[in-house]
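Analysis of the macromolecular model
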Amino acid sequence: METVGGSRTSSSTRTNKDKDDDDVVFAVNGKRYEVSCEASTTLLEFLRCHTPFKSVKLSCGEGGCGACVVLLSNYDPVLKTVKSYTVSSCLTLVHSVDYCSITTTEGLGNSRDGFHPIHERFSGFHASQCGFCTPGMCVSLFSALVNAEEEKQRPDPPPGFSKLTVLEAEKAISGNLCRCTGYRPIADACKSFAADVDLEDLGINSFWRKGESNGDKLSKLPFYNPKDDVCTYPKFLKSELESAMYLNPHKKSWYNPLTLEELQNFTDLKLSTTPTKLVAGNTGIGYYKELNQYENYINLRNVSELSSISRDETGIVIGAAVTISKAISALKEKVEDGLCSDKELIFTKIAEHMEKIASEPVRNLASVGGNVVMAQRNYFPSDIVTVLLAVSSTVDLLIDRKRQILSLEDFLSKPPLDHRGVLLSIKIPFSSSFRSTFTTESSKLVFETYRAAPRPLGNALPYLNAAFLAFISQSRIGVVINKIQLVFGAFGAKHARRAREAEEYLAGKIISLNVLYEAINIIRATVISEDGTSDAMYRTSLVVSYLFEYLYPLFNGVVLVSNGLSTQNYANNLADGDNLSKDATKPALLLSGKQLVKTSREYYPVGQPIVKSGASIQASGEAIYVDDIPSPSNCLHGAFIYSTKPLARVQNVRFKDRSLPDGVTAVITYKDIPSGGENIGSKTIFGTEPLFADDITSCAGQCLALVAADTQKLADRAASLSIVDYDTDNLGLPILTLEEAVEKSSFFEVPPFLYPAQIGDFSKGMAEADHKINSEIKLGSQYYFYMETQTALAIPDEDNCMVVYSSIQCPEYVHSVIARCLGIPEHNVRVITRRVGGGFGGKAIKAMPVATACALAAHKLRRPVRMYLNRKTDMIMAGGRHPMKITYDVGFKSDGKITALHLYILINAGMCADISPVLPSNMLGVLKKYDWGALSFDIKVCKTNHSNKSAMRAPGEVQPSFIAEAVMEHVASMLSMEVDSVRYRNLHTFDSLNLFYKHSAGELVEYTLPSIWDKLQISSSISQRTKKIQQFNQKNLWKKRGISRVPIVHEVTVRPTPGKVSILSDGSIVVEVGGIELGQGLWTKVKQMTAYVLGSIQCDGIENFLDKVRIVQADSLSLIQGGFTAGSTTSEASCEAVRICCNILIERLAPLKEKLQGQMISLTWDTLVLQAHMQAVNLSASSYFVPDFNSMQYLNYGAAVSEVEINTLTGETTILRSDIIYDCGQSLNPAVDLGQIEGAFVQGIGFFMSEEYLTNSDGLVVADSTWTYKIPTIDTIPKQFNVEVLNSEHHKNRVLSSKASGEPPLLLAVSVHCATRAAIKEARKQLRSWNNLSDECNVSFQVDVPATMPVVKRLCGLNYVESYLKHLLSHEGSKQS
Ligand SMILES: Cc1cc2nc3c(=O)[nH]c(=O)nc-3n(C[C@H](O)[C@H](O)[C@H](O)COP(=O)(O)OP(=O)(O)OC[C@H]3O[C@@H](n4cnc5c(N)ncnc54)[C@H](O)[C@@H]3O)c2cc1C
Ligand code: FES
Ligand code: FES
């Protein structure tokens, strides 16, 4: 029995007999919990606050990331069966899990009792980096394994495998986000369980070596036996459930009606008197983050009429509380009832469409009725309503005790459903019921649904959805439309709607080009988004595209066979070039890839692909992040109140009735900074940033105050309900654009030593040029999207000291900021960081105010204070990557050789300098990747009233990578040359490299870019594929492909860093380093280095030396001068620091070793150490590695080829293949470096293709959730992903010849963008040919970053379809005349 603590929960150790009727009983990992809590308590909240199971992570709190996924199991006491499925615990209410059993990743196994094969395989396939997503991933996979075993009709899998298929294994994690790995290794870990996997296809792992037989491989894979798997529903709960006499219909604030009568009674009783909510799956809160507090919840799930699915001869009735997952299964069920086979087509299509709603853990909770009500009442952009409307569904309502059956269309047109109204069920009629009214017997049904969304497998709201149903028949001269229903939704109108004008026009018509053209004109004019809808024109173009996609095959190429027109021949009877068929045959997944790594034993175990330190405990959920540290007693929780204005006087921060809300202890502002302290929230070498705005706020998103409350929920709620009174009198206008900053000369100073030198003589270069062009580029921001948001815990200690646990990349810096803020000496502060759940630069400067605010509150209130930012606040305050505006002038010869480039760059730095003054230097470090002849530039770091932009992985480096390629593309297009050859023409010779990179070019043998370029030519088969792509593009009108190869040269700087190695009396070794483990594998490399150097002492018993080494958390008092973990070089610098320590220790041990070896036959390490301890040898050594000034900077090289396919109708881009070769020198750990390369590349894909970090006109971030911000998912990464970690071996100035891998590969993702541009170019060529315009030479165009679907479609032509039809019509006309 578990005791549940916490202010609003009570505990019990009673058995079921004396269970309180108000309590909820359930099991977590086999442990019994009996809980009485607020009805609004989510399962996530409960698990994290009141159980030891911290693996269930909070990352988004809105169902969009999968970090909180748990397995929920129900027991059916009649059938004696257990059903298990995943749910997002952040949306699940505790009250809804009565008598359920919950399994988290800790329930699968652990470090003491043994890991589950899932944990072991995640670890062995290098599928965990920061580890914050890993527990959720493991549970998603486990659920897929459990459910695969339920498939009784499937044959038993071979030993060691599951019944799961490879496709299902990949899909299992399609609802889980990972920001570190790039998904490929996670997919491999999942696929390793699939019965149909070819082990040969799985990537690099620690189990087997390349070339081993499948038998050997299998024997080394941690064995999986589905039969002895985890118990998901404990016996005691079964007996309790069986002995429970009845389900209590009424708990304190949770009502469980079983019948409609009870439901009506409860609603009558409660809704009129107290705030009460009807609830089914509760997933609606993921979208509408309700601030309303409900006193009562009425659970709809147990009312049998609402939870059942029934069929009769007229249709299928789905109870409103039925989950989307259950509805999908029911719709897919084949029923041999002899009824019209059309229904199967309709139901299957509806089910397939529903499978793209949210993610599986959400669909398993979300009800069909909840979705419809959200759409009707709150105008939610529903998919369900659209598809149901197209098939003339009806709804059954209970309003004021009266039943009403309405068509769904009528229901939508009624005023929003009153909170007393209950949707009982939805009926989808069989098509036969309306067929007879409108159609002849011989007419055939054609039903299709469409959805344009940033992620093919769902987990993203659509820009538009549509569903079309028609009955058609064959006439002598073509296909006649007997009846048609066209529905469009989610396009920016309140509700999905029938396009009646177009329907009326089309009914009875024979499909011809003219008819199609006219129908499209009608639909374009009548299906219109409301004012203010984003991408409105794009959405309209989708309306046209989908109608065309639906009707055009009926005009072109459809052959009605004697037994009718099936969907298959609908899709397939199309000529290649006209092929519009949705990719029904091509699964959105099934990834493949090759990884080529060369290991070296020269510095063994350095150079080996050993598994990441801590990967198994990350998978099992035992790894502890800051928010997993149990709260000390009396702990308060903080939440920030931020400004929503860019420049305003803050008059007051208050609450509605001016008193503090319940549970709130204090509101801390700059006025609470103690005397002697400073209003400082962060610092860099360029200055400080205030912790709180004082009287004037300088940007939207600036921190104004911290609310301290009893729980995080109360703090968050209070912060969001706070009211800030602003006044802007006499303050002038904020600077919100770069142009305004220039006008007002609002710039941050860049210290001369950081401002890069111009290269060559620009005027001379321009004079040599045959051609001169110029253009302008704009680049937006990017958000870190670390899975763990900013977090800290501050605990006051004796004698005015403060201990702060912070998830930060630079404890040293925050240490001194806290001391300055509190006005105490630095030795009174201790900052501890064990691991960070993803940083990407965002946990450097931007983590400091969080830790400092906690420390200030703790100092003032004399109580521990912790804070875990909710995703919205984090996104609003984070700042992110620097937006820029670039103007360039470039001169070049007719053969493509560039002779001069001038850049005028405006960087939006926001309100504080942060690290922005380093950007000019960072930019040039990458921009110089080509030989520009002469390079001149004017870079301004603009001070604006935006949140300050900060370091984000490859800060100021990914942008120039893009700028350089944009210039190349521009030059190539002006010369009508292949851009690949223009790039090649401008690659550096070693001489020009030396000119451009005076201090970092290194030796000739180190300049590997030319050989990488050539190697990639062969390994990627770029020439052959380019030809194939040309053929593809000639043949296909609606899909175009592009391919692109790009190089990178990336300059990095090694910085000083400390290390400390101590040997304990039992021979185990503990290591401290300045670098922080962010998931990048720093600890692993350090561990390998320690084992390598200390192992060189050559004692016996050092075979498993790695196991003796433990790297411990960073402690800013124990190891000072830790610096920043940033810039890709901290791992190697930390390794070097450790190497120095180890050498010192070896030197100290050597005399004793020699002496002892003279006395003993065999000297073991343990004996040597014990003797050393006894003989007072100092066994702890520390160091401070300071790199040599002349070699502290060096260059990294790589190149990538990417091929994409764009859909010219929707703007969707699919990355078909990416090939990367990246030079890691002699990699310290090829598996870790490979993970960095893949992960960085995929993060770069996010920047270039999907992540829009948008703000409103005040600069307040509006892309503030997983709903609006789309990082790559498993279905948007390259379908084929080949990476070679090049081992270029010789690098005498590097740490054991190794090179960096953390940031440079991110830049290679520009290849995807360039390939997209190439594909767009083909589409534009096509369009111009239809419009009778000459070929596209000399017509260049810019492709925005990110190249989202609307961007791609806009460039392909929003009138692509119309142009095609006009072209056909004009041909037809000319044929006739
Ligand atoms: C991450 C995520 C992604 C999503 N993506 C999509 C998507 O791509 N496409 C899409 O169409 N939908 C999407 N949804 C919406 C999802 O389908 C709905 O949240 C869900 O169906 C609502 O069902 P529920 O049972 O959870 O409703 P609840 O949250 O329990 O209720 C929602 C609202 O409806 C009321 N209500 C519920 N049932 C009834 C009833 N029978 N009678 C009267 N009132 C009722 C409740 O009082 C509440 O106001 C997504 C949701 C999430 C969380
Ligand atoms: S935290 Fe629940 S899905 Fe993101
Ligand atoms: S390992 Fe997946 S988010 Fe870090």
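Residues numbered from 1 in each chain as written. Chains lettered and ligands numbered in written order. Predicted model: local features only at pLDDT ≥ 70, side-chain atom pairs only at ≥ 80, totals over all residues. Heavy atoms only, no water.

Counting its secondary structure elements, the chain contains 43 helices and 44 strands. Over its C-alpha atoms the chain spans a radius of gyration of 32 Å, differing by no more than 12% from the 34 Å that the globule rule assigns to 1377 residues. Taken along the three principal axes of its C-alpha coordinates, the chain extends 100 × 90 × 80 Å. The buried share among the 1377 residues of the chain stands at 63%. Of all intrachain contacts in the chain linking residues separated by at least 6 positions in sequence, the fraction that spans at least 24 positions is 78%. A total of about 49,200 Å² of accessible surface is found on the chain, and carbon and sulfur atoms cover 51% of it. The positive charge centre, built from 139 side chains, and the negative charge centre, built from 147, are 2 Å apart in the chain. (Helix = DSSP H or I, 4+ residues; strand = E, 2+ residues; numbered from the N terminus. Rg over C-alpha atoms; globule rule 2.2 N^0.38 Å. Buried < 20%, exposed > 50% of the residue type's maximum accessible area, 1.4 Å probe, protein only. Contact = heavy atoms within 4.5 Å. Areas by Shrake-Rupley, 256 points an atom, 1.4 Å probe, with all protein chains shown as cover. Lys, Arg positive; Asp, Glu negative; His and termini not counted. Charge placed at Lys NZ, Arg CZ, Asp CG, Glu CD.)

Neighbouring ligand 1 are 36 residues; Leu-278, Gly-281, Thr-283, Ser-367 and Asp-383 lie closest to it. Interatomic distance of 2.8 Å between a side-chain N/O atom of Arg-451 and an oxygen atom of ligand 1. For the shell around ligand 1, the secondary-structure elements that each account for two or more residues are β7 (276–279), α14 (368–378), α15 (383–390) and β13 (422–429). Split by residue class, the shell around ligand 1 holds 21 nonpolar, 10 polar and five charged. (Near = heavy atom within 4 Å. Polar contact = N/O pair within 3.5 Å; in protein donor to acceptor, adjacent residues only side chain to side chain. Nonpolar A, V, L, I, M, F, W, Y, C, P; charged D, E, K, R; others polar.)

For the rest of this paragraph, the subject is the nonpolar core. Core analysis: the largest hydrophobic core is formed by 275 residues, its most contacted members being Phe-122, Phe-488 and Trp-932. Other than its neighbours up to four places away in sequence, Phe-122 contacts Ala-127, Ser-128, Thr-134, Met-137, Cys-138, Leu-141, Ile-186, Ala-189, Cys-190 and Ala-619. Core analysis: the second largest hydrophobic core is formed by 69 residues, Phe-347, Leu-469, Phe-471 and Ala-496 among them. (Core = buried A, V, L, I, M, F, W, Y, C linked by side-chain atoms within 4.5 Å.)

The next point concerns helix α19 (residues 513–526). End to end, α19 covers 20 Å across 14 residues, agreeing with the expected 20 Å (1.5 Å per residue, within 8%). Taken residue by residue, α19 has Leu-513, Val-515, Leu-516, Tyr-517, Ala-519, Ile-520, Ile-522 and Ile-523 as its buried positions. (Expected span 1.5 Å × (residues − 1).)

A word on the packing of helix α30 (residues 958–975) against helix α41 (residues 1310–1330). Two elements in contact, α30 and α41, have axes whose closest approach is 10 Å; the angle formed by their N-to-C orientations is 30°. Of the possible angle classes, the one that applies to α30 and α41 is roughly parallel. Judged by the sense of rotation from one axis to the other, the crossing of α30 with α41 is right-handed. On α41, the residues touching Ser-961, Phe-962, Glu-965, Ala-966 and Glu-969 of α30 are Val-1310, His-1313, Cys-1314 and Arg-1317. (Axes fitted to C-alpha atoms, helices over the stretch in contact; angles between N-to-C directions. Parallel < 35°, antiparallel > 145°, perpendicular 65-115°, else oblique. Left-handed = near helix turned anticlockwise from the far one by under 90°.)

In the contact formed by α19 and helix α20 (residues 536–555), the axes pass within 10 Å of each other and the chain directions differ by 160°. Overall, the two elements α19 and α20 adopt an arrangement that is roughly antiparallel. For the pair α19 and α20, the crossing hand works out as right-handed. Mapping the contact onto sequence places Leu-513, Leu-516, Ala-519, Ile-520, Ile-523 and Arg-524 in α19 and Thr-540, Ser-541, Val-543, Val-544, Leu-547, Phe-548, Leu-551, Tyr-552 and Phe-555 in α20. Counted by class, the contact of α19 with α20 contains 12 nonpolar, two polar and one charged residues.

Looking at the chain as a whole, its pLDDT mean stands at 92, while 94% of the residues score no less than 70. In this model, residues 1–16 is a region of pLDDT below 50 whose contacts with residues beyond four sequence positions or in other chains number 46 contacts. Below a pLDDT of 50 lies the segment residues 557–577, which in the model reaches 39 contacts outside its immediate sequence neighbourhood of four places, other chains included. (pLDDT = per-residue confidence, 0-100.)

Here we come to the pattern of salt bridges. Under the definition given, this model contains 66 salt bridges. Arg-32 is paired through a salt bridge with Glu-240; the nearest N and O atoms lie 2.6 Å apart. Here Arg-32 is found in strand β2 (residues 31–35), whereas its partner Glu-240 is found in helix α7 (residues 235–243), with 208 residues between them in sequence. With respect to burial, Arg-32 and Glu-240 carry one shared label: buried. A salt bridge links Arg-1217 to Asp-1219; the shortest N-O distance between them is 2.7 Å. Taking relative accessible area as the criterion, Arg-1217 reaches 13% and is therefore assigned buried. Given the relative accessible area of 3%, Asp-1219 is considered buried. Via salt bridges that share partners, Arg-48, Lys-57, Asp-627, Asp-628 and Arg-866 belong to a single interconnected network. (Salt bridge = Lys/Arg side-chain N within 4 Å of Asp/Glu carboxyl O.)

A separate point is the sheet that holds strand β1 (residues 24–28). Overall, mixed pairing links the five strands, which are arranged β2-β1-β5-β3-β4 in an open sheet. The sheet is open, and its two edges are formed by β2 and β4 (81–88), each paired on a single side. The mean angle between the axes of side-by-side strands here comes to 30°, regardless of whether they run parallel or antiparallel. The sheet contact formed by strand β3 (residues 69–76) and β4 spans eight bridges and is antiparallel. Within β4, the residue paired with Tyr-75 across the bridge is Val-82. (Pairing = 2+ DSSP bridges.)

Let us look at unusual backbone geometry. Most peptide bonds adopt trans geometry, and most residues besides glycine take a negative phi value. The step from Tyr-604 to Pro-605 runs through a cis peptide bond, and the omega angle for that step is 0°. In this fold, Pro-605 is placed in the loop between β18 (595–597) and α22 (615–619). Cis geometry is adopted by the peptide bond preceding Pro-1346, which originates at Val-1345 and carries an omega value of 0°. Along the chain, Pro-1346 turns up in the loop between α41 and α42 (1349–1356). For Lys-80, which is not a glycine, the phi torsion comes out positive at approximately 55°. Its location among the elements puts Lys-80 in the loop between β3 and β4. Judged by relative accessible area, Lys-80 falls into the exposed class, the value being 54%. Although it is not a glycine, Arg-401 sits at a positive phi angle of roughly 65°. Along the chain, the position of Arg-401 falls in the loop between β11 (394–399) and β12 (402–407). Relative accessible area serves as the criterion here: at 41%, Arg-401 is assigned to the partly exposed category.

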